[in-house]
Amino acid sequence: MKKNQAAKYSLLKPNIKSLSPVSDLMPLPVYRLHEIRDLTPTSYIMRFDRNNMEFKAGQHITLGLPGNNQLREYSIYSTEHDPYLEVLIKEVEKGMVSKSLHKCRLGDFLSVDGPFGFFTLDENNLGKKNLFIGTGTGIAPFHSMAGSYPALDYSILHGVRTTDETYESSFYPTERYISCTSRDDKGKFKGRVTDYIRKNPVGSETIVYLCGNVEMIYEVYDILVSQHFPVDQIKTEVYF
Ligand SMILES: Cc1cc2nc3c(=O)[nH]c(=O)nc-3n(C[C@H](O)[C@H](O)[C@H](O)COP(=O)(O)OP(=O)(O)OC[C@H]3O[C@@H](n4cnc5c(N)ncnc54)[C@H](O)[C@@H]3O)c2cc1C
């Protein structure tokens with residue numbers, strides 16, 4: 001197997017570390033729900049107690065209903081400075097957890113564990129140019145990174161089907177946020193994130209962060225390799 005191919009297939013490995021051995025042994029701490037902010041009929045932000053949790057922007061937690069051992073990973077959407085924790089969730093058709101969490105009421109308790117993961121900004125690269133590429137709710141860790149480090153030099157490529165899925169995009173300076181819409185032409189770019197980087201090759205001095213489904217991540221990876229982009233400057237978070 002060629003070196004770049006071996007690196008590509010190792011992109012899935014980091015999630016293995018996201019499993020929580022503790023949650024199998026003892027009940028998880030519960031966090032009180034303070035707010036549910038609906039962004040579309042099927043996507044929403046949950047805000048709950050932070051309980052002094054220390055985390056780095058880009059990390060995720062596991063979340064579920066107390067007494068139910070079904071936990072799922074969600075990237076932390078809020079920033080390192082916020083007094084609360086937020087996650088951005090999209091209901092998955094026939095999904096067990098993403099749909100049941102949406103039915104919670106204010107004041108309910110949620111089981112939370114974490115933080116987990118290594119999809120974080122490298123301290124040594126904070127002064128460099130960053131390109132964040134996310135599809136759908138894959139923008140969540142970038143929201144946390146951008147809000148936690150306001151001086152960061154970054155651009156976001158957000159792949160969505162239609163512009164109503166550009167979740168709270170006014171949070172980002174206009175020149176830093178590029179929506180790539182595949183099913184309407186109201187975004188900044190009509191097409192997928194992969195079409196965008198084919199047309200706009202990524203400079204070799206950039207650090208690239210990819211978050212979302214594995215097909216997008218593999219496809220972007222292949223395009224970057226074809227553009228002779230250094231693969232050790234690519235970080236990934238695979239959602240499904
Ligand atoms: C590190 C990490 C961070 C994540 N962060 C987020 C986040 O910030 N926001 C968020 O909404 N989700 C996030 N996810 C996905 C999330 O953990 C769940 O997989 C998702 O909410 C579906 O859970 P469910 O119980 O509703 O569906 P399940 O009952 O577990 O799955 C139902 C089916 O849907 C498929 N599926 C799972 N996720 C998706 C999806 N997103 N789109 C389409 N099909 C899917 C599954 O493969 C399965 O076939 C993250 C995943 C990982 C690994």
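What counts, and at which threshold
Residues numbered from 1 in each chain as written. Predicted model: local features only at pLDDT ≥ 70, side-chain atom pairs only at ≥ 80, totals over all residues. Near = placed C-beta within 6 Å. Helix = DSSP H or I, 4+ residues; strand = E, 2+ residues; numbered from the N terminus. Domains from an automatic or database assignment. Pairing = 2+ DSSP bridges. Contact = placed C-beta atoms within 7 Å. Axes fitted to C-alpha atoms, helices over the stretch in contact; angles between N-to-C directions. Nonpolar A, V, L, I, M, F, W, Y, C, P; charged D, E, K, R; others polar.

Looking now at the site of the ligand. Taken together, 23 residues lie near the ligand, and E73, G95, V97, S98 and T137 sit nearest. Mapped onto the shell around the ligand, the elements with two or more residues apiece are β4 (72-75), β5 (84-90) and α2 (97-102). When we break the shell around the ligand down by domain, the ones giving at least three residues each are domain 1 (3-13 + 119-238) and domain 2 (17-116).

So, on to the pairing of strand β1 (residues 30-40). Here 3 bridges tie β1 to strand β6 (residues 109-116), and the two strands are oriented antiparallel to one another. When the bridges of β6 are listed, Y31 appears paired with L110. Here β1 pairs with strand β2 (residues 43-49) via 6 bridges, running antiparallel. Residue pairing across strands places I36 opposite M46, the latter belonging to β2. From the end of β1 to the start of β2, which pair antiparallel, there are 2 residues.

Tracing the sequence through the fold places D38 in strand β1. For D38 and Y154, which are 116 residues apart along the polypeptide, the C-alpha to C-alpha distance reads 27 Å.

With that out of the way, let us pick up unusual backbone geometry. Put simply, G114 and P115 share a cis peptide bond, and its omega is 5°. Its location among the elements puts P115 in strand β6. Positive phi, normally seen in glycine, also occurs at N51, with a value near 50°. With respect to the helices and strands, the residue N51 is situated in the loop between β2 and β3 (60-64). Positive phi is not limited to glycine here, since N52 has a value of about 60°. Relative to the helices and strands, N52 is located in the loop between β2 and β3.

Mapped onto the elements, M46 comes out in strand β2. Sequence separation of M46 and V87 is 41 residues, and the distance between their C-alpha atoms is 5.5 Å. Residues in contact with M46, not counting those within four places in the same chain, are L33, I36, E86, V87, I89 and L101.

Time to look at the sheet that holds β2. Here we have 6 strands laid out as an open sheet, ordered β4-β3-β6-β1-β2-β5, and antiparallel in their pairing. The sheet is open, and its two borders are formed by β4 and β5, each paired with just one other strand. Sheet twist, expressed as the average angle between the axes of neighbouring strands with direction ignored, equals 40°. By the bridge criterion, 4 bridges tie β3 to β6 in an arrangement that is antiparallel. Counted as the bridge partner of T62 is D113 from β6.

Our focus in this paragraph is the domain arrangement of the protein chain. Interface size, as often reported, equals the accessible area lost upon joining of the parts. As far as domains go, the protein chain holds domain 1 (3-13 + 119-238) and domain 2 (17-116). The distance between the C-alpha centroids of domain 1 and domain 2 comes to 23 Å. Between domain 1 and domain 2, the residue contacts involve 16 residues of the former and 18 residues of the latter. Among the residues forming the side of domain 1 that touches domain 2, the class breakdown is 6 nonpolar, 7 polar and 3 charged.

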